[in-house]
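A look at the structure
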Amino acid sequence: EGRRWIEGVLAKGDALPTDLRAKVLYADGAMSWGLRENSDTIRLLEESRALFRQAGDRHGEALALAATGVPTLQQGDVERATGILEEGIELLREAGDRWETGFMLAHLGMIYLDRDERARATRHFEESLALSRETGHKFAGCVSLYNLARVAEARGDGERAAGLYAVGLTLA
């Protein structure tokens, strides 16, 4: 239903103010991602980012860029996703968005963990966890705790891993 509403709004074309069109495209991209339509998601978010830039909305531009990293990663383009997430996180920090910064740090940490760059992954997960606690972003906190537990397991520290899994379950 939400996508039908969005399609109706987007059908207004150039009659929509640039900033509103950017926001609607961002919402459409988020819904598309939820449906695992990664190619559409990337296209919608890239278009949204360009319009946010045109409207002078740096925060919107940062959100759209960072959000593009996740479906790019899901498509298997790890190098491109890494660059997108790194740049997106930098822009989110500049915009003062601690909520999304924490969430995207968790995604970037997963890339580093998959590369077996445990120290780098741990730094990202710990910062994500701190931000999630500060902002109340429970999902980012759960993701970070789960992945910190994975790091502990990989290091052979089953006791720490079990403790982190337990804390994560209390957030879920």
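Our subject is the structure listed above.
Procedures and definitions
Residues numbered from 1 in each chain as written. Predicted model: local features only at pLDDT ≥ 70, side-chain atom pairs only at ≥ 80, totals over all residues. Heavy atoms only, no water. Phe/Tyr/Trp six-rings, centres within 6.5 Å; stacked < 30°, edge-to-face > 60°. Helix = DSSP H or I, 4+ residues; strand = E, 2+ residues; numbered from the N terminus. Buried < 20%, exposed > 50% of the residue type's maximum accessible area, 1.4 Å probe, protein only. Axes fitted to C-alpha atoms, helices over the stretch in contact; angles between N-to-C directions. Parallel < 35°, antiparallel > 145°, perpendicular 65-115°, else oblique. Left-handed = near helix turned anticlockwise from the far one by under 90°. Contact = heavy atoms within 4.5 Å. Nonpolar A, V, L, I, M, F, W, Y, C, P; charged D, E, K, R; others polar. Salt bridge = Lys/Arg side-chain N within 4 Å of Asp/Glu carboxyl O. Core = buried A, V, L, I, M, F, W, Y, C linked by side-chain atoms within 4.5 Å.

Inspection of the entire model under this criterion finds two aromatic pairs. Measuring from ring centre to ring centre gives 5.8 Å for Y146 and Y165, while their planes differ by 50 degrees; the resulting arrangement is tilted. Taken as a pair, Y146 in helix α8 (residues 138-154) and Y165 in helix α9 (residues 158-171) lie far apart in primary sequence, 19 residues in all. A relative accessible area of 44% means that Y146 is categorised as partly exposed.

So, on to the packing of helix α6 (residues 98-114) against α8. At a minimum axis separation of 9 Å, α6 and α8 run at an interaxial angle of 20 degrees. With respect to their mutual orientation, α6 and α8 come out roughly parallel. Pair α6 / α8 crosses with left-handed handedness. Residue-level contacts link G102, F103, A106, M110, L113 and D114 of α6 to F139, A140, V143, S144, N147, R150 and V151 of α8.

What follows covers the packing of helix α4 (residues 58-74) against α6. Where α4 meets α6, the axes come as close as 11 Å, and the angle between the chain directions of the two elements is 30 degrees. Comparing the axis directions of α4 and α6 gives the class roughly parallel. Like other packed secondary-structure pairs, α4 and α6 cross with a definite hand, here left-handed. Judged by residue contacts, L63, A66, A67, V70 and L73 of α4 engage E100, M104, H107 and I111 from α6. Of the residues assigned to the contact of α4 with α6, the class counts are seven nonpolar, one polar and one charged.

Turning next to the pattern of salt bridges. Enumeration according to the criterion identifies 16 salt bridges in this entry. D114 serves as the salt-bridge partner of R150, at 3.7 Å between the closest nitrogen and oxygen. Residue R150 is found in helix α8, and its partner D114 is found in helix α6; the two are separated by 36 residues along the sequence. Taking relative accessible area as the criterion, D114 reaches 61% and is therefore assigned exposed. Ionic contacts of the salt-bridge type, sharing partners, join the residues R49, R53, R58, E61, E87 and E94 into one network.

Turning our attention to the environment of F103. Assignment of secondary structure puts F103 in helix α6. For F103 and A172, which are 69 residues apart along the polypeptide, the C-alpha to C-alpha distance reads 15 Å. Contacts of F103, omitting those with residues within four sequence positions, involve S128, H137, F139 and A140.

The next thing to look at is the nonpolar core. When a protein is soluble and globular, its nonpolar side chains tend to lie buried together. If you look at the biggest cluster of nonpolar residues, it comprises 30 residues, and the most contacted ones within it are L92, M104, L108 and F125. Of all the elements in the fold, those that place two or more residues in this core are α4, α5 (78-95), α6, α7 (118-135), α8 and α9. Of the residues forming this core, the biggest block, seven residues, is contributed by α6. Among all residues touching L92, those that are not within four sequence positions of it are A62, L63, A66, D97, E100, T101 and M104.

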